[in-house]
Structures are given as C-alpha cells and as structure tokens.
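# Descriptive analysis of the structure
One letter stands for each residue in the lines below.
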Amino acid sequence: MLRELIEEGHLLTQEPEIDALYQPTWVNGNKHGDFLKWEMKALLYIQQEYRGIPMVSEFKKIIDEDKKCCFLKTLFSLVGILEAFEQLQPKTVNIDYDLIIRNIIEHFNACAIQLKRRHAGRETIIIQDEYDVQDLLHALLKLHFSDVRPEEWTPSYAGNSNRMDFLLKEAHIAIEVKMTRDNLKDKEIGEQLIIDVAKYQQHPDVDALYCFVYDPNAILHNPVGLENDLNKLSTDNFSVKVFVRPN
C-alpha cells in the first residue's frame, strides 16, 4: 500500500496541467481534485500504520499549511516523507487482550444496572439468566473485537461435542459464561468448569480460557476459593482465569 501511494504521488507530478514549479495549490478556490484525494488517503494510511512516529505529524503539518506553498513543492515534500516511511517497519500495536477482557468483566454488573435506568421506563435488557449475560457480554466484546464467534463447536470430549460460549479467534481466547442460581452454586459451578477446562484444552484455537461467573445475588459461599482452585488448572501451554463478579 505504501509503495502504491508513492507511485501514485509520482504520477501526479506528471499530469499535463502541472507544468511549473510554482503552480498554485489552490485554483479558483478549489484544491486540485486528484491531489486532494491522494493526500487524504496517504495521511489516513500513515496515521493508522505509523502512529506515534513524528513524521506523521510533519506530513499533516505540510497538508495544513498547503495554502502557503506551491502545488508541486507540496507534492514532492509529501512523497519524500512517504519514501522515508519505506525505511521503517509499521509500528506494531501490542494489544493487551487480558486487560480488555478483565475490564469488561469488572464493569459488567455496573453496565447491567445502568441498562435498567432507561429514560421514561423504556424497554431494556434485564439480566435474568445465563442467556441474558451472554447477550450483553457479546455486545461489550464487539466494542473491542471484530471477530467474536458465539457458540463455536469444541472438539469431542467424553464422547460428546460441545459448544463454547465465545471464541476470540484472533486472540486464541475462549470465554465461558455462568450465572448462579439456587441450584447452581459453588459445587455445581466448580464441577462444570472443571469439565469446561478439560474440553477447551483440546481446542486448537484456544490458548486461554476466561470463565465469567455472574453472581449478582451473592449466592456463592466462597467465590475467592472457587477462583483460586480453578485457576490452578492452568498449565504452561493453557491459561485458566476465573472471575466471580460482582464480588
């Protein structure tokens, strides 16, 4: 893409109407159409791929001050900066998936409560069961992940195929959701999650399992103990992280 932008910039310098170094940037109040499209496309590209690098600011500064310059001089300056970018590798963005997921889980209950406070008592989602938790969590995950796959099939475990709640394939993370109820307490949830850990360990696209246990009515007697016991199921190649919230 960068090489294409550079070649396109060089082609602009060869257009018939550009026949002098001092061709003005603005003609009859309008900027040269092809040049305008090119510089905006180039700016958006380098802002995305090279953000944080000072030359990006310099590129934008030249565009902002374009009225003070000559068309061809401006064009050569911008192409020159793009050619300098060719010597750099695009800045790698290190995404902290753990921080994102933790933040969503930590604020899930506050979000669920806020949704109840709609203007004039309008209809809203009320968290009554596990499916409601999944629906709201899915919406929150979509704020940060473009590829959220609900109910992806897991490999066969103990003779049965199962579905996971969510697969974040780009991050190699699965998310399992539970919601406590009168017949789903410490012992039952612990047993279910032990089975979940075993089946997820077999999935080729999962390196980490996040278990979100939503306990809005404080049904669990020892949530910290449940977290600690299940987190110990982590191995060198497979991470298990259990969160009972709110706590």
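Source: prediction; values computed, not measured.

Below, the discussion takes up the sheet that holds strand 3 (residues 149-150). Reading across from one edge, 3-6-7-8-9 is the order of the 5 strands in this open sheet, with mixed pairing throughout. In this open sheet, the two strands that pair with only one neighbour each are strand 3 and strand 9 (239-245). Inspection of the sheet shows strand 8 (residues 208-214) paired to strand 9 by 7 bridges, in the parallel sense. In the sheet register, Cys211 faces strand 9, and the bridge partner there is Val242. Contacting strand 7 (173-179), strand 8 and strand 9, helix 8 (residues 186-200) runs over the sheet at an angle of about 165° to strand 7.

In this section: the packing of aromatic side chains. All chains considered together, the criterion is met by 7 aromatic pairs. Seen from their ring centres, Phe108 and Tyr214 are 5.0 Å apart, and the 75° between their planes marks the pair as edge-to-face. Taken together, the residues Phe108 in helix 6 (residues 108-116) and Tyr214 in strand 8 connect sequence positions 106 residues apart. Across the pair, Tyr214 and Phe108 agree in class, each one buried. Taken together, the aromatic side chains of Tyr45, Tyr50 and Phe85 make up a single cluster linked through ring pairs.

The subject of this paragraph is the nonpolar core. The biggest cluster of nonpolar side chains holds 26 residues, and the ones touching the most others in it are Leu137 and Ile175. Take this core: its biggest share by element is 5 residues, from helix 7 (residues 130-141). With residues near it in sequence (within four places) discarded, Leu137 still touches Ile104, Phe108, Phe166, Ile175, Val177 and Phe212. Ile6, Val56, Ile62 and Leu72 belong to the second-largest nonpolar core, a separate cluster that totals 22 residues.

Where helix 1 (residues 2-12) meets helix 2 (residues 33-49), the axes come as close as 11 Å, and the angle between the chain directions of the two elements is 160°. Considered as vectors, helix 1 and helix 2 are oriented roughly antiparallel to each other. When you trace helix 1 past helix 2, the crossing you get is left-handed. Seen from helix 1, the contacting residues are Leu2, Leu5, Glu8, Gly9 and Leu12; seen from helix 2, they are Asp34, Phe35, Trp38, Lys41, Ala42 and Tyr45. Of the residues in the contact of helix 1 with helix 2, the class split is 7 nonpolar, 1 polar and 3 charged.

Here is what the cut-offs are and how they apply
- Residues numbered from 1 in each chain as written.
- Predicted model: local features only at pLDDT ≥ 70, side-chain atom pairs only at ≥ 80, totals over all residues.
- Heavy atoms only, no water.
- Pairing = 2+ DSSP bridges.
- Helix = DSSP H or I, 4+ residues; strand = E, 2+ residues; numbered from the N terminus.
- Contact = heavy atoms within 4.5 Å.
- Axes fitted to C-alpha atoms, helices over the stretch in contact; angles between N-to-C directions.
- Phe/Tyr/Trp six-rings, centres within 6.5 Å; stacked < 30°, edge-to-face > 60°.
- Buried < 20%, exposed > 50% of the residue type's maximum accessible area, 1.4 Å probe, protein only.
- Core = buried A, V, L, I, M, F, W, Y, C linked by side-chain atoms within 4.5 Å.
- Parallel < 35°, antiparallel > 145°, perpendicular 65-115°, else oblique.
- Left-handed = near helix turned anticlockwise from the far one by under 90°.
- Nonpolar A, V, L, I, M, F, W, Y, C, P; charged D, E, K, R; others polar.

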